[in-house]
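Here's the letter readout for the chains.
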Amino acid sequence: MGREQITLLSRREIDKMRQAGQLAAELLDYLAPMVKPGVSTLEINDEAERWTQARGAKSAPLGYGPKNNPFTRSICTSVNEVICHGIPNAKQILQDGDIINIDVTPILDGYHGDTSRTFFVGTPSPEAKRLVEVTEECLRRGIAAVKPGAKIGDIGAAIQEYAEANGYSVVRDFVGHGISHVFHTAPQIPHYGTRGKGKRLKPGMVFTIEPMINQGTWEAVMLDDGWTAITADGKLSAQFEHTVAVTKDGVEILTLRN
């Protein structure tokens, strides 16, 4: 991936990404009231699919991946110890105190809007609340490091420093990525790293920043479904994600609701 060509998007393409990003942000806002005890993750998925189709868009995760094991749902729902790529299902009923990351990527007019948030189900424990708050701040700090001339390592360093200062760990196995009319492309954006290292950021680069922060070890275990990643020690994991564009004088968050 590191050798892949990084494509700089035109103003027209970034405008398309902005429209897709707004749709993604609206979808998360729409799904938020469904996050409560007694609701299944499949119900949230099916409502997301209905809403997306009604707006003339498609769900990028649906059918994504290898031909022999494509992703079978429209969104990812990652509950508690699930780090990412949790598959919605009818038997998974949300319980009071759970945390759930909902990751959506509608495709609008050929362009991807990719964003996620971690929600509280009912009343979270103090430990869960703190993890989620620190994770959201990690995303903010990662985004704040984005500007022309900065390095990709600056983003990861900002995230890692804050997470580890709060006693948490940063997942290594999954990273942010370039995105446009292609779902996953160069550059990769690790959420850990060293300041001053990595490729230089240039206006027109568009990518996701999506830190996954764990209570315990950063290590992940893949379940037999080939998609769901969980924490190796069974402790909680939280995630927040935005799609951002490098601008002439800084950064624009394309998935922030206007």
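To keep things clear, this report deals only with the structure shown in the data block. Since the structure is predicted, the reported quantities are computational estimates derived from the model, not experimental observations.

1. Things to note about the sheet that holds strand 3 (residues 82-84)
For step 1, the next point in the chain: If you trace the 3 strands from one edge of the open sheet to the other, you get 3-14-13, paired in antiparallel fashion. Each end of this open sheet is capped by a strand with a single partner; those strands are strand 3 and strand 13 (220-222). Across the sheet, the mean angle from the axis of one strand to that of its neighbour is 40 degrees, orientation sign disregarded.
For step 2, the next point in the chain: With 2 bridges connecting them, strand 3 and strand 14 (residues 229-231) associate as antiparallel partners. Note that in strand 14 the partner of Cys 84 across the bridge is Ala 229.

2. Focus on the packing of helix 3 (residues 126-144) against helix 4 (residues 152-165)
For step 1, the next point in the chain: Interaxial distance between helix 3 and helix 4 falls to 8 Å at its minimum, and their mutual angle equals 155 degrees. The angle between the axes of helix 3 and helix 4 places the two elements in the roughly antiparallel class. With respect to the hand of their crossing, helix 3 and helix 4 are arranged in right-handed fashion. Here Val 134, Glu 137, Cys 138, Arg 141 and Gly 142 of helix 3 come into contact with helix 4, specifically with Ile 155, Ala 158, Ile 159, Tyr 162 and Ala 163.

3. Describing the nonpolar core
For step 1, the next point in the chain: In terms of nonpolar packing, the biggest core is built from 31 residues, with Ile 155, Leu 201, Phe 207, Ile 209 and Ile 213 touching the most fellow members.
For step 2, the next point in the chain: Counting residues per element, this core draws most heavily on helix 3, at 7 residues.
For step 3, the next point in the chain: Residues Val 35, Ile 44, Ala 48 and Val 121 belong to the second largest nonpolar core, which totals 19 residues.

4. What to know about the environment of Ser 59
For step 1, the next point in the chain: Of note, Ser 59 is situated in strand 1 (residues 58-59).
For step 2, the next point in the chain: The contacts of Ser 59, once residues within four sequence positions are left out, are Glu 49, Thr 52, Ser 74 and Thr 105.
For step 3, the next point in the chain: In terms of polar contacts, Ser 59 uses its side chain to reach the side chain of Glu 49, at 2.7 Å.

5. Some thoughts on the sheet that holds strand 4 (residues 99-104)
For step 1, the next point in the chain: If you trace the 3 strands from one edge of the open sheet to the other, you get 2-4-7, paired in antiparallel fashion. Of all the strands in the sheet, the pair left with one neighbour each is strand 2 (76-79) and strand 7 (115-120). Sheet twist, expressed as the mean angle between neighbouring strand axes with direction ignored, is 20 degrees.
For step 2, the next point in the chain: Pairing of strand 4 with strand 7 involves 6 bridges; the strand directions are antiparallel. When the sheet's bridge partners are listed, Val 104 is paired in strand 7 with Thr 115.

6. Quick notes on the side chain of Ser 169
For step 1, the next point in the chain: For Ser 169, the position within the fold is in strand 8 (residues 169-170).
For step 2, the next point in the chain: Side-chain polar atoms of Ser 169 contact the backbone oxygen of Thr 217, separated by 3.4 Å.
For step 3, the next point in the chain: One polar contact links the side chain of Ser 169 to the main-chain amide nitrogen of Trp 218, over a distance of 3.1 Å.

7. Some points on unusual backbone geometry
For step 1, the next point in the chain: The omega torsion across Ala 186 and Pro 187 is 0 degrees, close enough to zero to call that bond cis.
For step 2, the next point in the chain: Mapped onto the fold, Pro 187 is located in strand 10 (residues 185-189).
For step 3, the next point in the chain: Positive phi values are uncommon outside glycine, yet Asn 80 reaches one of about 55 degrees.
For step 4, the next point in the chain: Within the element layout of this structure, Asn 80 appears in the loop between strand 2 and strand 3.

8. Re the packing of aromatic side chains
Ring pairs (aromatic) are described by centroid distance and by the angle formed between their planes.
For step 1, the next point in the chain: For the coordinates displayed, the defined rule picks out 3 aromatic pairs.
For step 2, the next point in the chain: Pairing Phe 71 with Trp 227 gives two aromatic rings, centres 5.2 Å apart and planes at 80 degrees, and the pair type is edge-to-face. Linking Phe 71 in the loop between strand 1 and strand 2 with Trp 227 in the loop between strand 13 and strand 14, this pair joins segments that are 156 residues apart in sequence. Grouping residues by exposure puts Phe 71 and Trp 227 together as buried.
For step 3, the next point in the chain: Over the ring of Tyr 192 we find Arg 172; its NZ or CZ atom is 4.7 Å from the centre of that ring.
For step 4, the next point in the chain: One cation-aromatic arrangement involves Arg 172 over Trp 218; the distance from NZ or CZ to the ring centre is 5.1 Å.

9. A short note on the side chain of His 242
For step 1, the next point in the chain: Position of His 242 relative to the elements: it lies in strand 16 (residues 242-247).
For step 2, the next point in the chain: His 242 has contacts with Asp 114, Thr 115, Leu 139, Ile 143, Phe 207, Thr 208, Ile 209, Ile 253, Thr 255 and Leu 256, leaving out every residue within four places of it along the chain.

The rules behind the values
- Residues numbered from 1 in each chain as written.
- Predicted model: local features only at pLDDT ≥ 70, side-chain atom pairs only at ≥ 80, totals over all residues.
- Heavy atoms only, no water.
- Pairing = 2+ DSSP bridges.
- Helix = DSSP H or I, 4+ residues; strand = E, 2+ residues; numbered from the N terminus.
- Axes fitted to C-alpha atoms, helices over the stretch in contact; angles between N-to-C directions.
- Parallel < 35°, antiparallel > 145°, perpendicular 65-115°, else oblique.
- Left-handed = near helix turned anticlockwise from the far one by under 90°.
- Contact = heavy atoms within 4.5 Å.
- Core = buried A, V, L, I, M, F, W, Y, C linked by side-chain atoms within 4.5 Å.
- Buried < 20%, exposed > 50% of the residue type's maximum accessible area, 1.4 Å probe, protein only.
- Polar contact = N/O pair within 3.5 Å; in protein donor to acceptor, adjacent residues only side chain to side chain.
- Phe/Tyr/Trp six-rings, centres within 6.5 Å; stacked < 30°, edge-to-face > 60°.
- Lys NZ or Arg CZ within 6 Å of the ring centre and 35° of its normal.

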